[in-house]
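Next come the chains, spelled out residue by residue.
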Amino acid sequence: MDTSSATAVPDTVQVAVRIRPLSQRELAKGYENVIIQPNPPEPRLVARGQEEFTFTEVFGPEVDQLEVYERSVKAIVLKLIDGFNVSILAYGQTGSGKTYTIGTSFTGSRLTGQVGILPRALLDIFSIVNAKKGKAAADGTRYRVCCSFMELYQDHVYDLLSHRQRYERLLGIREDVGGGVFVPGLTELAVASAEEALRWLGHGAGSRATAPTSMNKESNRSHTIFTVILRSSGGTSDERVTISKLHFVDLAGSERAKKSRACGDRLRECIQINKGLLALGNVISALASHTKNSRNTVYVSYRDSKLTRLLQNSLGGNSITLMLACVSPACYNLEETLSTLRYADRALAIRNKPTKSSPSPSLESGSSSGTDALERLTKTVSRLRVENEKLRQRISAELRPTFGATANATGKHLLAQNRLLHGQLKASFEESTRNELRASIAENALGRLEPLVITEMIPDPTLDTSDSEPKSAEELRRKCLEVLLRYRTEYEALRQRPTAQQRSTI
Ligand SMILES: Nc1ncnc2c1ncn2[C@@H]1O[C@H](COP(=O)(O)OP(=O)(O)OP(=O)(O)O)[C@@H](O)[C@H]1O
Ligand SMILES: [Mg+2]
């Protein structure tokens with residue numbers, strides 16, 4: 001396989017539209033196909049016989065998974081190995097084929113025609129990395145692949161690869177000194193093969209929030225991000241490490257509550273999903289309006305939702321980004337399909353700043369930035385976890401009756417020590433998670449206050465605000481109070497949350 005991706009690096013968001021076939025149910029109901037691709041493979045389509053769109057690629061209902069991967073995804077994915085950050089986002093109405101296209105719910109062990117792009121990408125990445133490992137052994141370059149998997153459910157980030165209970169998998173979002181966003185404490189697992197990574201994908205997807213709705217019998221109720229992290233170190237620059245990341249984002253689908261007749265939990269989920277997607281739409285519009293030649297700076301409201309904060313780098317940042325806009329061709333979904341196509345059309349205008357990651361000092365060489373310190377701690381925690389597990393195994397082996405009385409006494413002592421260490425470790429985890437959440441709540445409040453202050457109290461002379469009415473002091477005061485009230489409520493809710501110790505005594 002050719003590892004040097006000679007293809008150009010796109011600096012605008014690439015958009016491929018995928019039209020899924022009509023389902024058996026839709027065919028039985030006699031729904032008409034209203035999205036036509038007049039001259040395939042020309043990337044042009046016509047909706048409702050009149051509205052035209054042109055994208056980077058358009059895949060009709062007859063195009064299979066392999067062709068989508070080969071034509072739109074493979075070249076971009078392989079840029080990871082050249083040191084670029086890559087993001088692939090599936091966007092679209094519920095039931096339009098996002099999870100099918102990404103392949104997030106892959107559970108098998110081999111590629112069939114139905115398998116989506118993520119498993120295909122993992123196989124290609126490992127085949128290249130393993131070939132490179134063989135060649136690099138001589139010059140001392142080391143490659144390490146890790147993966148992480150998180151979901152954003154009801155505006156909360158959960159670690160899908162953690163071995164802990166669901167309520168203990170809750171994580172916060174933080175900003176590093178350079179303004180980048182990261183999720184401290186997120187499990188990053190080193191993986192040696194595509195098969196191992198796929199096992200973790202299946203494991204994580206198994207605990208993702210999914211429920212049947214009238215629009216999709218396996219509807220995802222959360223957004224997920226599966227990330228492949230490639231680290232290379234050694235070679236000529238011994239102490240330096242190059243890190244590049246590939247994100248697969250499987251968004252939850254937009255849905256009209258009236259149409260899906262959602263109620264109870266489904267309705268609450270639907271409201272949160274639509275809220276996040278609305279914030280994403282606003283970010284896309286703001287970024288799209290900021291063309292290469294425009295002089296005005298545009299305020300991009302990344303802080304309006306956790307989803308937009310997590311995707312900050314993928315949209316307008318240091319990343320090669322592909323949006324896979326999935327649509328249904330059926331007439332009864334026309335409104336939603338048009339809305340997706342307009343959304344996707346705007347995304348085409350977003351300029352990114354993809355740059356090759358440059359080698360930076362490895363964690364061991366003592367960089368002092370906050371992110372590095374946190375990464376170092378995460379590494380220590382993983383090491384402690386492994387040691388803890390080993391200790392546990394040693395103790396249970398030593399406690400076996402055949403070992404006799406002395407071994408039993410040592411075993412008991414070790415067991416007690418292990419329990420103590422485990423308790424301490426758990427307490428520090430809990431404390432650190434609480435601190436993250438505290439910081440996250442405060443940052444969110446700051447994020448809501450900032451635009452009020454920036455756009456209302458300190459007018460930007462480069463912005464044309466002649467059309468907008470200035471807000472009265474009273475209105476501003478009311479808005480600030482709203483933010484503060486929400487901050488206090490969220491903070492109080494966190495304070496009231498019982499600690500692990502309190503939970504165990506209840
Ligand atoms: N291109 C396609 N070819 C064949 N079947 C498809 C295609 N796209 C989607 N499907 C089928 O349509 C159904 C809905 O797809 P999927 O679950 O991927 O939707 P989704 O966009 O992820 O929805 P949600 O937002 O509710 O999670 C599934 O049964 C899937 O197998
Ligand atoms: Mg889905």
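Rules used throughout
- Residue numbers run consecutively from 1 along every chain, following the written order of its sequence.
- Labels follow written order: the first chain is A, the first ligand is 1, and so on.
- Given that the model is predicted, a residue must reach a pLDDT of at least 70 before its local features are reported, and side-chain atom pairs must reach 80 or more before they are shown or counted; all residues, however, enter totals for whole chains, interfaces and linings.
- A fitted line through C-alpha atoms serves as each axis, taken over the contacting stretch for helices, and the angle formed by two N-to-C directions is quoted from 0 to 180°.
- Only DSSP runs of H or I with at least four residues qualify as helices, and only runs of E with at least two residues qualify as strands; both kinds are numbered from the N terminus onward.
- Note that the term roughly parallel is reserved for angles under 35 degrees, roughly antiparallel for angles over 145, roughly perpendicular for angles of 65 to 115, and oblique for everything else.
- Left-handed describes a crossing whose near helix is turned anticlockwise from the far helix by less than a right angle; the clockwise case is right-handed.
- We call two residues in contact whenever the C-beta atoms placed from their backbones are within 7 Å.
- Lys, Arg, Asp and Glu make up the charged group, whereas Ala, Val, Leu, Ile, Met, Phe, Trp, Tyr, Cys and Pro make up the nonpolar group; the residues left over, Gly among them, are polar.
- The span expected for a helix works out to 1.5 Å for each residue beyond the first.
- In this scheme every C-beta is placed from the backbone, and a residue whose C-beta has 20 or more other C-beta atoms within 10 Å is buried, one with 12 or fewer is exposed, and one in between is partly exposed.
- Arc, as used here, means the arc of the directions from the helix axis to the C-beta atoms.
- We call a residue near a molecule or strand if the C-beta atom, set from the backbone, is within 6 Å of it.
- UniProt positions are given in the numbering used here, feature names are shortened, and annotations may be inferred rather than shown by experiment.

**A short note on the packing of helix α7 (residues 264–289) against helix α9 (residues 334–347)**
Where α7 contacts α9, the axes come no closer than 8 Å and their chain directions differ by 40 degrees. With respect to α9, the element α7 is oriented oblique. α7 and α9 meet at a crossing whose hand is left-handed. Residue-level inspection shows Gly281, Ile284, Ser285 and Ala288 of α7 in contact with α9, the latter providing Tyr343, Arg346 and Ala347. Grouping the amino acids of the contact of α7 with α9 by side-chain chemistry returns four nonpolar, two polar and one charged.

**Section: helix α5 (residues 194–206)**
An α-helix turns once per 3.6 residues; consequently, residues spaced three or four apart project the same way. Here α5 contains 13 residues, and its C-alpha end-to-end distance of 18 Å stays within 8% of the 18 Å for a straight helix at 1.5 Å per residue. Taken together, the buried positions of α5 are Ala194, Ala197, Leu198, Leu201, Gly204 and Ala205. In an axial view of α5, the angular spread of the buried residues amounts to 125 degrees, which keeps them on one side of the axis.

**What about the site of ligand 1?**
By nearness alone, 17 residues border ligand 1, and Gly97, Thr99, Tyr100, Ser219 and Gly253 come closest of all. Per-element accounting of the shell around ligand 1 gives the leading share, three residues, to helix α3 (residues 98–102). Of the residues that constitute the shell around ligand 1, the class distribution is four nonpolar, 10 polar and three charged.

**Here's the deal with the UniProt feature "binding site: ATP" (unreviewed entry) in the protein**
In the numbering used here, UniProt assigns the "binding site: ATP" (unreviewed entry) feature to Gly92, Gln93, Thr94, Gly95, Ser96, Gly97, Lys98 and Thr99. Within the secondary structure layout, glutamine 93 lies in the loop between β6 (86–92) and α3. Mapped onto the elements, threonine 94 comes out in the loop between β6 and α3. With residues up to four places along the chain from it excluded, the contact list for threonine 94 reads Thr213, Met215, Asn216, Ser219, Gly253, Ser254 and Glu255.

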